[in-house]
Each structure stands twice: as structure tokens, then as C-alpha cells.
Amino acid sequence: MSLSTDDIKVGETRESVLVDDLKRTRIVQYAGASGDFNPLHSDERFAVEAAGYPGVFAHGMLTMGMTGRVLTDWVGPEALLRFGVRFKAQVWPGDTLTATATVESFEDTLDGPVAHFSVRTVNQHGVEVVTGTAAALLEP
Amino acid sequence: MTGQPFPVEAGHIMLFARAIGDESPAYRGEAAFAPPTFTMASAHYDPEYHLRPKPGQEWFGSGGGPGAMPEGGGGLHAEQHFEYHRPVRAGETLYAHTVPGRSWEKQGRTGRLLFSERVTEYRDADGERVVSAVTVAVVPEGPATPKDTR
């Protein structure tokens with residue numbers, strides 16, 4: 001799957017609900033898949049009593065991983081050239097996350113046209129948990 | 001090739017894609033693409049990775065008691081950046097080489113914030129760059145215990 005510049009326009013957006021009522025089990029699932037077993041993310045007693053948080057919270061990389069779907073569903077996993085985010089707020093069990101990708105600009109490069117995106121993921125309160133940018137190579 | 005070998009396995013991609021809730025067929029099968037953040041899972045292949053319990057070594061999580069925050073353990077992931085030189089697919093082995101990047105500090109609301117980068121290059125068997133990853137960590141100076149922000 002590859003998009004051409006005829007398929008998408010500057011200002012166009014895609015929105016995707018990434019998770020509804022995030023479960024602790026999903027966070028454990030991500031720990032197992034990624035290999036990051038920091039107990040802050042899966043060990044409620046450690047997170048509360050030893051680390052002083054209200055409870056366990058999601059790996060930033062789980063949120064970034066989920067956020068990537070709004071891009072790869074659009075341009076395909078093989079087209080991405082860059083993807084970068086800033087982690088703005090923590091994601092807690094029970095959160096519902098929605099990601100939005102927006103086409104910001106096009107650029108002609110030697111390899112072909114490149115689309116530049118902004119991405120943001122918000123929780124159910126509208127608070128940004130992740131913001132970032134991405135770029136994808138399009139069909140000439 | 002030098003660097004930590006990271007065999008990109010189809011089953012691992014499947015487990016990772018499930019964990020991020022992505023059922024795309026692109027991530028299934030013997031020639032599956034890897035999701036954009038998959039290279040983080042190379043931690044599994046790092047024998048020294050500090051966020052994995054190891055037999056015979058103390059682990060800082062809860063057991064009979066709540067456990068203890070390790071020294072300098074108040075750090076959080078501030079930013080993550082990937083550059084893809086080509087797609088990653090199941091069946092290949094990548095070689096990860098990590099070096100420290102820049103470090104800087106900023107005045108936060110409750111004290112100094114110390115930022116530091118770790119730069120990991122994932123190369124293929126021919127030595128070609130496949131993915132360049134930059135992790136930015138932030139450690140607050142002073143008491144690590146955060147306020148209730150929930």
C-alpha cells in the first residue's frame with residue numbers, strides 16, 4: 001500500500017480511538033512484548049508505596065506504539081521515514097485515548113514526495129498525553 | 001557486524017502488535033513488517049537490561065513488602081524519536097549499538113530537570129543503517145517522589 005500526493009491533501013486529518021478504558025492487563029501485555037518490566041507500570045504496590053504515584057501507569061512507549069497506528073493505517077508501515085514524540089502527561093488505567101494525525105506539508109525530495117504530519121493523542125479529558133511529528137514517503 | 005544482535009522474529013512482532021492493539025495484517029506472517037516502535041523490544045536481547053528481573057539479583061519491585069525505588073530511579077521517558085532508513089521485517093537480524101547523546105538541564109516547577117539522550121543505531125547484517133532511535137530521559141533533581149497528579 002502506498003499513497004500518492006493525489007490521495008492526501010494538506011490539512012487533511014485522520015482520527016482513531018486507540019484504546020477505550022485502558023486495562024492494567026494491557027500494560028502488562030506491553031511489558032511482556034517490549035521487555036520493559038519497570039514495576040512502575042505493572043506493580044501497583046510498588047508504584048503507590050515505594051514510588052509515590054497514585055497507581056501504575058502506562059509505558060510512554062505503549063502510548064507511542066498505539067499512536068503509531070493512526071499513521072500506519074493511513075500511509076502503511078513501509079512508508080514511514082520518521083516518527084517522534086514528546087510524552088506530555090501520564091496515561092492511567094481507565095483512560096480512553098484518541099489520536100489525530102494531520103498533514104502539515106509536502107516536500108519534494110530526491111527519493112520522491114514526502115508528507116509531513118503532526119500527531120497528537122489526547123485522553124478522555126482532552127489532555128494531550130503525546131504530541132509529535134512524522135514523515136512518510138509517497139508514490140511519485 | 002558489531003552490536004547487540006536483535007533477531008526480528010515473526011512471533012515477537014505478533015505479540016508486540018497485539019500489545020499495542022494493532023491487528024493489521026501487515027504485522028502477521030513470516031515476512032511481517034515490524035510496527036514503528038518495535039525496535040524498543042530489543043531490550044529483550046540486551047543481557048544487561050536493567051528493567052528485567054534476573055535470577056540471583058535483587059529486584060526493586062514489590063514482594064512481601066512494597067519494594068524500594070532504586071537510586072536515581074525517578075527518571076521518566078520524555079521523548080522518543082525514530083528515523084527509518086528502510087522498513088524492518090521478520091526474519092532478519094539487526095545489530096543495536098547505543099551511545100550517549102547530548103545532555104542538558106532545565107528549570108522545572110519543582111527544581112532542576114536533568115535531560116539526557118541515548119542514541120541507538122540498528123544496522124543490518126551488511127552494516128547498513130535500518131533504524132536510528134533517540135531516547136530522551138528526564139530525571140528530576142531532588143526528591144523523586146512525584147506529587148499526586150491524577
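Because the structure is predicted, anything quoted here is derived from the model rather than measured.

**Q** Before we go on, may I ask you to explain the overall build of chain A in this structure?
**A** Assigned secondary structure in chain A consists of three helices and five strands. Sorting the 140 residues of chain A into buried and exposed places 57% on the buried side. With an accessible surface of roughly 5,600 Å², chain A has 47% of that area assigned to carbon and sulfur atoms. Averaged over its 11 positive side-chain charges, chain A has a centre that lies 6 Å from the centre of its 19 negative ones.

**Q** Hey, could you run me through the UniProt feature "domain: MaoC-like" (unreviewed entry) in chain A in this one?
**A** UniProt's feature table lists "domain: MaoC-like" (unreviewed entry) at residues 11-106 of chain A, given in the numbering used throughout. Between the end C-alpha atoms of residues 11-106 of chain A there is a gap of 11 Å, over a span that is 35% helix and 26% strand.

**Q** Can you help me understand the nonpolar core in this one?
**A** Generally speaking, a soluble globular protein has its nonpolar side chains buried in company with each other. Judged by nonpolar contacts, the single largest core of 58 residues is most densely connected at Leu71, Phe83 and Phe117 of chain A. Among the elements that take part in this core, helix 3 (residues 60-75) of chain A stands out by supplying eight residues, more than any other. Judged by nonpolar contacts, the second largest core, of ten residues, contains Leu40 of chain A together with Ala43, Leu51 and Phe60 of chain B.

**Q** Can you walk me through the interface of chain A and chain B in this structure?
**A** Accessible area lost on assembly of the parts is the figure often given for the size of an interface. Opposite the 41 residues of chain A that make contact, chain B presents 47 residues. Buried area between chain A and chain B, summed over both chains or domains, comes out near 3,800 Å², and the portion from carbon and sulfur atoms is 61%. In terms of surface lost to chain B, no three residues of chain A exceed Ala33, Met61 and Pro77 of chain A, which account for 13% of the buried area on that side. One can count one salt bridge joining chain A with chain B. Between Glu79 of chain B and Arg86 of chain A there is a salt bridge, and its shortest N-O distance comes to 3.3 Å. Those elements that place two or more of their residues in the side of chain A that touches chain B are helix 1 (24-34), helix 2 (44-50), helix 3 and strand 2 (80-87) of chain A.

Conventions we followed
Residues numbered from 1 in each chain as written. Chains lettered and ligands numbered in written order. Predicted model: local features only at pLDDT ≥ 70, side-chain atom pairs only at ≥ 80, totals over all residues. Heavy atoms only, no water. Helix = DSSP H or I, 4+ residues; strand = E, 2+ residues; numbered from the N terminus. Buried < 20%, exposed > 50% of the residue type's maximum accessible area, 1.4 Å probe, protein only. Areas by Shrake-Rupley, 256 points an atom, 1.4 Å probe, with all protein chains shown as cover. Lys, Arg positive; Asp, Glu negative; His and termini not counted. Charge placed at Lys NZ, Arg CZ, Asp CG, Glu CD. UniProt positions renumbered as here; feature names shortened; annotations may be inferred. Core = buried A, V, L, I, M, F, W, Y, C linked by side-chain atoms within 4.5 Å. Contact = heavy atoms within 4.5 Å. Buried area = accessible area lost by both parts, 1.4 Å probe. Salt bridge = Lys/Arg side-chain N within 4 Å of Asp/Glu carboxyl O.

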